[in-house]
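Summary of structural features
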Amino acid sequence: MSKNKESLIAWDPAWEDAVQQYKEEFRKAGMDWEGLGPHYPIGKETLYWKLQKDSLAGCSSSTYLYVREEEKRLLGMLNLRRGQTGESLARMGNIGFSIRPCEQGKGYAVRMLREAAPLSMMQGVIPWYMVCLADNEASRRVIARLGGRKQGETVWAAGEPAVEKYVVYDVF
């Protein structure tokens, strides 16, 4: 029996059904697949999220899928963003990631991100500026395993949770 192998692939419409199943698993778990955590009701646009989206105007991005192709199983998603201003980097970072809820805690995030480093370098997305909610212990652990250095913490809008900002050089 062959061992399952995970790989990072460029976005492909052939995976759309798997992406929808991925998003549905997050919804059923009461989580937001875009990394906003439990503070944000699914589907509700908050001031923080609106500020994030607005700060991406004029930027381009590439989405990648972390998959186990033999099973046609989507394990995670990653987004590399280019052309951002200082404000956009501070709000969103230049890389974002998520791992399917039932696959979290198994090391997939670190492996996926390490596999993304050469793609990121080719696209000029270096170093990585990463953000996460201050209470998102899992993301903080992933960022720490990649050598992330905390650059600060902020609250972008009254009543919104604190966001931590990191820079990652060591993965390249």
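You'll find the structure just up there.
Residues numbered from 1 in each chain as written. Predicted model: local features only at pLDDT ≥ 70, side-chain atom pairs only at ≥ 80, totals over all residues. Heavy atoms only, no water.

**Looking at the sheet that holds strand 1 (residues 6-10)**
Taken together, 4 strands build an open sheet; the order of strands is 1-2-3-4 and the sheet is antiparallel. With partners counted over all chains shown, the strands left at the sheet margins are strand 1 and strand 4 (95-99), one partner each. When the angles between neighbouring strand axes are averaged without regard to direction, this sheet yields 20 degrees. The sheet contact formed by strand 1 and strand 2 (residues 60-68) spans 5 bridges and is antiparallel. Paired with leucine 8 across the strands is tyrosine 66, a residue of strand 2. (Pairing = 2+ DSSP bridges. Helix = DSSP H or I, 4+ residues; strand = E, 2+ residues; numbered from the N terminus. Axes fitted to C-alpha atoms, helices over the stretch in contact; angles between N-to-C directions.)

**Comments concerning helix 5 (residues 137-145)**
Residues Ser139, Val142 and Ile143 constitute the buried set of helix 5. When helix 5 is viewed along its axis, its buried side chains cluster within an angular range of 95 degrees and face the same direction. Facing away from the buried side of helix 5, by more than 90 degrees, are the exposed residues Ala144 and Arg145. Positive phi appears at glycine 147, one or two residues downstream of helix 5, with a value of about 90 degrees. (Buried < 20%, exposed > 50% of the residue type's maximum accessible area, 1.4 Å probe, protein only. Arc of directions from axis to C-beta.)

**Looking at the nonpolar core**
Leu78, Leu113, Trp128 and Leu146 are the most contacted members of the largest nonpolar core, which totals 25 residues. Only strand 2, strand 3 (73-82), strand 4, helix 4 (108-122), strand 5 (128-133), helix 5 and strand 7 (163-168) provide two or more residues apiece to this core. Here this core takes 7 residues from helix 4, the largest share from any one element. Those residues in contact with leucine 146 that sit more than four places away from it in its chain are Val110, Leu113, Arg114, Trp128, Val168, Asp170 and Val171. If you look at the next biggest cluster of nonpolar residues, it comprises 10 residues, including Ile9, Ala18, Leu65 and Met77. (Core = buried A, V, L, I, M, F, W, Y, C linked by side-chain atoms within 4.5 Å. Contact = heavy atoms within 4.5 Å.)

**Details of the pattern of salt bridges**
Counting across every chain of the model gives 12 salt bridges. Note that arginine 68 is salt-bridged to glutamate 71, the shortest N-O span being 3.2 Å. For arginine 68, a relative accessible area of 8% gives the class buried. Owing to a relative accessible area of 40%, glutamate 71 belongs among the partly exposed residues under this scheme. One salt bridge connects glutamate 164 with arginine 140, and the closest N-O pair in it is separated by 3.4 Å. Residue glutamate 164 is located in strand 7, and its partner arginine 140 is located in helix 5; the two are separated by 24 residues in the primary sequence. (Salt bridge = Lys/Arg side-chain N within 4 Å of Asp/Glu carboxyl O.)

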